[in-house]
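A look at the structure
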Amino acid sequence: VALVSAAPRDLTHDLPRGTDKVRAVDAMFDRIAPRYELANRLFTFGMDKRWRRATVKALRLPAGSLVLDIACGTADLCRELGAAGHRAVGADRSRGMLHAAETAAPLVRGDALQLPFEDGRFDGVVSGFALRNVLSLPALFAECARVLRHGGRAAFLDVSEPESRLLRAGHALYFRHLVPAVAGLFLDQAAYRYLPRSTAYLPPNPEMLDQLLRAGFRGVRRDARSLGIVQVLTGTRE
Ligand SMILES: C[S@@+](CC[C@H](N)C(=O)[O-])C[C@H]1O[C@@H](n2cnc3c(N)ncnc32)[C@H](O)[C@@H]1O
């Protein structure tokens, strides 16, 4: 989910790795799919919709562009792409998430690291809160570069940590303690405990930008939003 927390970098040791991670992520999203969007709206006080709109805007593509929403989940970003006049296509691994999706966009079941599309097919790619879920971020960025045409644009929305120590503490309290407690009442406590911790998979910001450059993007940048609790990474395919 679009949920976040200030994760010390040494906390990755007790998170799943390799095929264990793939299985755990698939099972978790299949499980939480029916209430995924409700939980996002509730726990972000509706801000997640604004973040997705800003992500689509950050593509800076003309209406009518063909844009792939990678790890589309329940297709929230596909709907924002449609509202902006783009032609959206969604792809995700989770049957449950795709089943819960309500969108006019075509959806494909597939892995973000092996997308079932030919080279240079898309004018743009987006993803929302997916970066920490894949096995390899450099492999994801390389696959995005592969399916984009030259000059195509990418915009990745994901969680982040506020810079200020005070905000980081409040943020951690909210997402690591309050959210799992509330989720335990009517959602899935294990999932909403895991999701904030999974931010530890994300490398430091300069490293992510460097990975984008090495995957074949130029003009890469990172924009923090909402006091730094989310970030949008953008780049143009060389
Ligand atoms: C936090 S949800 C985000 C859903 C949606 N993008 C959004 O903005 O709400 C993460 C999604 O990534 C998908 N996912 C995780 N790993 C994936 C992979 N390797 N390939 C495709 N989808 C993946 C999950 O199934 C899940 O739907």
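I will try to describe carefully the structure that is included in this document. What you see is a predicted model, and the numbers here were worked out from it, not measured in a lab. (Residues numbered from 1 in each chain as written. Predicted model: local features only at pLDDT ≥ 70, side-chain atom pairs only at ≥ 80, totals over all residues. Heavy atoms only, no water.)

**A closer look at the overall build of the chain**
Helices and strands together make up the secondary structure of the chain, namely 9 helices and 7 strands. Over its C-alpha trace the chain gives a radius of gyration of 16 Å, about what one expects of a compact globule, namely 18 Å for 238 residues. Counting only C-alpha atoms and orienting by the principal axes, one finds that the chain spans roughly 45 × 35 × 35 Å. A separation threshold of at least 6 residues defines the contact pool for the chain, and within that pool the share at least 24 residues apart is 70%. A total of about 10600 Å² of accessible surface is found on the chain, and carbon and sulfur atoms cover 55% of it. Taking the 34 positively charged and 25 negatively charged side chains of the chain as two groups, their mean positions are separated by 3 Å. (Helix = DSSP H or I, 4+ residues; strand = E, 2+ residues; numbered from the N terminus. Rg over C-alpha atoms; globule rule 2.2 N^0.38 Å. Contact = heavy atoms within 4.5 Å. Areas by Shrake-Rupley, 256 points an atom, 1.4 Å probe, with all protein chains shown as cover. Lys, Arg positive; Asp, Glu negative; His and termini not counted. Charge placed at Lys NZ, Arg CZ, Asp CG, Glu CD.)

**Re the site of the ligand**
Contacts to the ligand come from 19 residues, most closely from Tyr 36, Arg 52, Ala 71, Asp 92 and Ala 112. Contact between the ligand and Ala 112: a nitrogen atom at 2.8 Å from a main-chain N or O atom of the residue. (Near = heavy atom within 4 Å. Polar contact = N/O pair within 3.5 Å; in protein donor to acceptor, adjacent residues only side chain to side chain.)

**A closer look at the side chain of Arg 52**
Structurally, the position occupied by Arg 52 is in helix H3 (residues 47–58). Given the relative accessible area of 4%, Arg 52 is considered buried. Residues within four places of Arg 52 in sequence aside, it is in contact with Tyr 36, Asn 40, Arg 41, Asp 76, Leu 77, Glu 80, Phe 129 and Leu 157. (Buried < 20%, exposed > 50% of the residue type's maximum accessible area, 1.4 Å probe, protein only.)

**Concerning a nonpolar patch on the surface**
There is a patch of nonpolar side chains on the surface, built from Leu 38, Leu 42, Leu 185 and Phe 186 and spanning about 390 Å² of accessible area. Within the residue set of the nonpolar patch, elements represented by two or more residues are helix H2 (36–43) and helix H7 (165–186). Along the chain, Phe 186 falls in helix H7. (Patch = residues over 30% accessible without salt bridge, like charges linked within 9 Å, V, L, I, M, F, W, Y side chains within 5 Å. Salt bridge = Lys/Arg side-chain N within 4 Å of Asp/Glu carboxyl O.)

**Concerning the state of the cysteines**
Scanning the entire structure with this criterion turns up 0 disulfides. With no disulfide of its own, Cys 72 has Cys 78 as its nearest cysteine by sulfur position, at a separation of 5.0 Å. Among the residues examined, Cys 72 registers a relative accessible area of 7% and is labelled buried. Cysteine Cys 144 remains unbridged, with the sulfur of Cys 72 as its closest cysteine sulfur at 13 Å. Accessibility expressed as a relative area gives 0% for Cys 144, which makes it buried. (Disulfide = S-S within 2.5 Å.)

**Considerations on unusual backbone geometry**
Despite not being glycine, Phe 45 shows a phi value in the positive range, around 55°. Structurally, Phe 45 can be placed in the loop between H2 and H3. Its identity as a non-glycine residue notwithstanding, Ser 226 has a phi of 50°, on the positive side. Relative to the helices and strands, Ser 226 is located in the loop between strand S6 (217–225) and strand S7 (230–237).

**Overview of helix H1 (residues 18–32)**
End to end, H1 covers 22 Å across 15 residues, agreeing with the expected 21 Å (1.5 Å per residue, within 8%). Along H1, the residues that are buried comprise Lys 21, Val 25, Asp 26, Met 28, Phe 29 and Ile 32. Its buried side turned inward, H1 meets H2, helix H5 (95–100) and helix H8 (189–197). (Expected span 1.5 Å × (residues − 1).)

**Quick look at the nonpolar core**
Counting 51 residues, the largest nonpolar core has Leu 68, Val 125, Leu 131, Phe 156 and Phe 217 as its most contacted members. If sequence neighbours within four positions are ignored, Leu 68 has contacts with Val 89, Gly 90, Ala 91, Leu 115, Phe 117, Phe 122, Gly 124, Val 125, Val 126 and Val 147. Formed by 20 residues, the second largest nonpolar core is a distinct cluster that contains Val 25, Ala 183, Leu 195 and Ala 200. (Core = buried A, V, L, I, M, F, W, Y, C linked by side-chain atoms within 4.5 Å.)

**A word on H3**
Spanning 12 residues, H3 covers 17 Å between terminal C-alpha atoms, matching the ideal 16 Å at 1.5 Å per step. The set of residues buried in H3 consists of Asp 48, Trp 51, Arg 52, Ala 54, Thr 55 and Val 56. In the segment just after H3, Arg 60 is the residue with positive phi, at about 50°.

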